[in-house]
Number of protein chains: 2
Amino acid sequence: MDQPLTPSYRPLYQQIKDVLLERIVSGEWAPGTFIPSESALAKEYGVSVGTLRKALDALAAEHVVLRHQGKGTVVATHDSDRSLFQFFHLVRLDGTRTLPISRVLIRERRAATAQEAEALGLRLEAAVVHIRRVRELEEVPALLEDLVVSADRFRDLEREPQTLPNTLYQLYQQRFNQSVAHAEERLFAVAAGKEEHRHLGIPSGTPLLEIHRIAKDLQGNPLEFRVSRCETQNHYYLNEL
Amino acid sequence: MDQPLTPSYRPLYQQIKDVLLERIVSGEWAPGTFIPSESALAKEYGVSVGTLRKALDALAAEHVVLRHQGKGTVVATHDSDRSLFQFFHLVRLDGTRTLPISRVLIRERRAATAQEAEALGLRLEAAVVHIRRVRELEEVPALLEDLVVSADRFRDLEREPQTLPNTLYQLYQQRFNQSVAHAEERLFAVAAGKEEHRHLGIPSGTPLLEIHRIAKDLQGNPLEFRVSRCETQNHYYLNEL
DNA sequence: TACAATTTGTGCGTATGTATA
DNA sequence: ATATACATACGCACAAATTGT
């Protein structure tokens, strides 16, 4: 009747999956590179190909790796088409999806606020890097975005690289070996304030979509806390269930 | 290089999956009932158990069926715990999730508007059933909701049953054999109007979350178009990616 | 163009473990 | 205890996609 908190055993394919994930997290298999073939890995771990397949299938289902018949299995990157829109849900009214262009307004190292520390699981006043950007879709300012990451994990991000790329998650992955795998988004409706008026060119008081996102790494640890305020006259937030 | 629009062949397990789905859609296997065992179905279709398993696993991944070790495979219903929150994303600020109580304001048969006809794939002026409800979370009015369905597919819904249940999707499933399997939600931020002021007790102009949902059946045909306006002082819309 | 080698995808069969009734 | 059903694990054969010879 009772269910043990720690299951008495974990299926073999799950154990294999954990080991493979660890080799990815550790950086041994970098994003974008091909990992050894099923048969090679099966031999290495002394399990059947079927068992190893099941482990890889599970990782593929979580978008950790991508599999290509005839080629091999590659560690997912944030520039592969799938992954690209996994965390970007803003769509133009006509249904087309484009990635936004960013203009950085603030880039600083400072102490975390209580909300930020709580979201990132840091102690109060821990050092964070704070970035504020305006993001434009098709030349139209659409989003005012504030994000913070741990200054320890993302050392010198407030200075290097000099110009930030458009898609930060690629930078996290390539420069800091931190892959954003999951995220939790909380959506609110708020009224535009002076900042939004200034940067998005909309009247104060206009209803905006406010998105609080906690981005998490492969193991579920919070990596980044991000608050976006979006104008919803020209686009909307799409969620497929 | 080219990719055929119609793949030259479909894998066996996908064909089996289609056939099984058809038996569910047709009503032969009703929601809540157990379907035959893997081995029985494998024998019936003359395929291996492994192949049949793969078909059932795919259906389970889409929440069409639920599998229970030692018991069997059951067709999903809208009152099973998982499914219950698949389409309800409003969460209280403290993180608890409760299902709302509904109070019906309008229940009528009328012609579809252009927007409604487009969303449901009906011709202009097609007959629909329109329902407006106020939904309360923990005694607090949180949502003003308008929904329309085809009056043909949901015959007499404007009259029977006399009192509508709280979770309409269960009714759709039990009374009309229409299962909501997928949905597409589009989120906007809007200002509260007089109706929201009256029914939700909030000042006009308050920013609200507006959710346009198109609910689809197992085959992807639109079943219901729903517009919800939600107050986000006491709760938020949660999306896990 | 043809062919071979490699890698993942599909399909079959079997044995054993675990959960349920 | 027994029977049933799903879950895990093994092994093998062949198909399909990719790459290089």
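It should be emphasised that the depicted structure is a prediction, and the values quoted were computed from it without experimental measurement.

Glancing now at the overall build of chain A. Across its full length, chain A carries seven helices and eleven strands. Looking at chain A as a whole, 47% of its 241 residues are labelled buried. The contacts of chain A with a sequence gap of at least 6 include a subset with a gap of at least 24, amounting to 57%. Of the roughly 12,200 Å² that chain A leaves accessible, carbon and sulfur atoms contribute 50%. Of the side-chain charges in chain A, 30 are positive and 33 negative, and the distance between the mean point of each set is 2 Å.

The extent of an interface is frequently quoted as the accessible surface area lost upon association of the parts. With 25 residues of chain B in contact, the opposing surface of chain A contributes 25 residues. Of the roughly 2,200 Å² buried between chain B and chain A on both sides combined, carbon and sulfur atoms contribute 58%. If you sort the residues of chain B by the area they bury against chain A, B:Ala189, B:Asn239 and B:Leu241 come out on top, with a joint share of 29%. In this structure, the connection of chain B to chain A is made through zero salt bridges. Counting the contacts that link chain B with chain A gives twelve residue pairs in polar contact (both at pLDDT 80 or more). Elements that contribute at least two residues to the side of chain B that touches chain A include exactly strand 8 (182–191), strand 9 (207–216) and strand 11 (235–240) of chain B. Take the side of chain B that touches chain A: its biggest share by element is ten residues, from strand 8 of chain B. Of the residues contributing to the side of chain B that touches chain A, the split by class is 15 nonpolar, six polar and four charged.

What follows concerns the packing of helix 1 (residues 12–25) of chain B against helix 2 (residues 38–45) of chain B. All names here are of chain B. At a closest axis distance of 12 Å, the pairing of helix 1 and helix 2 adopts a crossing angle of 110°. Considering their axes alone, helix 1 and helix 2 lie roughly perpendicular with respect to each other. Between helix 1, through Ile16, Val19, Leu20 and Arg23, and helix 2, the contact on the second element is made entirely by Leu41, Glu44 and Tyr45. Its residues assigned to classes, the contact of helix 1 with helix 2 comprises five nonpolar, no polar and two charged.

Surrounding DNA strand D, one finds 21 residues, the nearest of these being A:Leu12, A:Ser48, A:Thr51, B:Glu38 and B:Arg53. Here B:Arg67 contributes a side-chain N or O atom positioned 3.3 Å from a phosphate oxygen of DNA strand D. One nitrogen or oxygen atom from the side chain of B:Thr73 is found 3.1 Å from a phosphate oxygen belonging to DNA strand D. Mapped onto the surface near DNA strand D, the elements with two or more residues apiece are helix 1 (12–25) and helix 3 (49–61) of chain A together with strand 2 (65–68) and strand 3 (72–75) of chain B. Along the lines of polarity and charge, the residues of the surface near DNA strand D split into five nonpolar, ten polar and six charged.

Okay, the relation of the copies chain B and chain A next. When chain B is brought onto chain A, the operation consists of a screw motion whose angular component is 180° and whose axial shift is 0.1 Å, with 0.1 Å RMSD remaining. The transformation just described matches what one would write down for a two-fold rotation axis. Here 100% of the interface residues in chain B have copies in chain A that are interface residues too; the copies meet face to matching face.

Residue and element names in this part refer to chain A. Spatial strand order, 1-3-2: three strands in an open sheet with antiparallel pairing. The strands lining the two open edges of the sheet, one partner per strand, are strand 1 (34–35) and strand 2 (65–68). Note that strand 1 and strand 3 (residues 72–75) share two bridges and pair antiparallel. Counted as the bridge partner of isoleucine 35 is threonine 73 from strand 3.

All names here are of chain A. Looking at the assigned domains, one finds that chain A contains domain 1 (12–75) and domain 2 (80–237). Contacts between domain 1 and domain 2 engage ten residues on the former and eight residues on the latter. Carbon and sulfur atoms supply 59% of the area buried between domain 1 and domain 2, which totals about 790 Å² over both sides. For the domain 1 face of the interface with domain 2, the top three residues by lost area are Val25, Pro31 and His63, together amounting to 53%. At the surface where domain 1 touches domain 2, the tally comes to zero salt bridges. Viewed at the interface, domain 2 and domain 1 are joined by one residue pair in polar contact (both at pLDDT 80 or more). Among the elements that line the side of domain 1 that touches domain 2, the one with the most residues is helix 1, at four residues. Of the residues that constitute the side of domain 1 that touches domain 2, the class distribution is six nonpolar, three polar and one charged.

Definitions and limits used
Residues numbered from 1 in each chain as written. Chains lettered and ligands numbered in written order. Predicted model: local features only at pLDDT ≥ 70, side-chain atom pairs only at ≥ 80, totals over all residues. Heavy atoms only, no water. Helix = DSSP H or I, 4+ residues; strand = E, 2+ residues; numbered from the N terminus. Buried < 20%, exposed > 50% of the residue type's maximum accessible area, 1.4 Å probe, protein only. Contact = heavy atoms within 4.5 Å. Areas by Shrake-Rupley, 256 points an atom, 1.4 Å probe, with all protein chains shown as cover. Lys, Arg positive; Asp, Glu negative; His and termini not counted. Charge placed at Lys NZ, Arg CZ, Asp CG, Glu CD. Buried area = accessible area lost by both parts, 1.4 Å probe. Salt bridge = Lys/Arg side-chain N within 4 Å of Asp/Glu carboxyl O. Polar contact = N/O pair within 3.5 Å; in protein donor to acceptor, adjacent residues only side chain to side chain. Nonpolar A, V, L, I, M, F, W, Y, C, P; charged D, E, K, R; others polar. Axes fitted to C-alpha atoms, helices over the stretch in contact; angles between N-to-C directions. Parallel < 35°, antiparallel > 145°, perpendicular 65-115°, else oblique. Near = heavy atom within 4 Å. Least-squares fit on C-alpha atoms with pLDDT ≥ 70 in both. Pairing = 2+ DSSP bridges. Domains from an automatic or database assignment.

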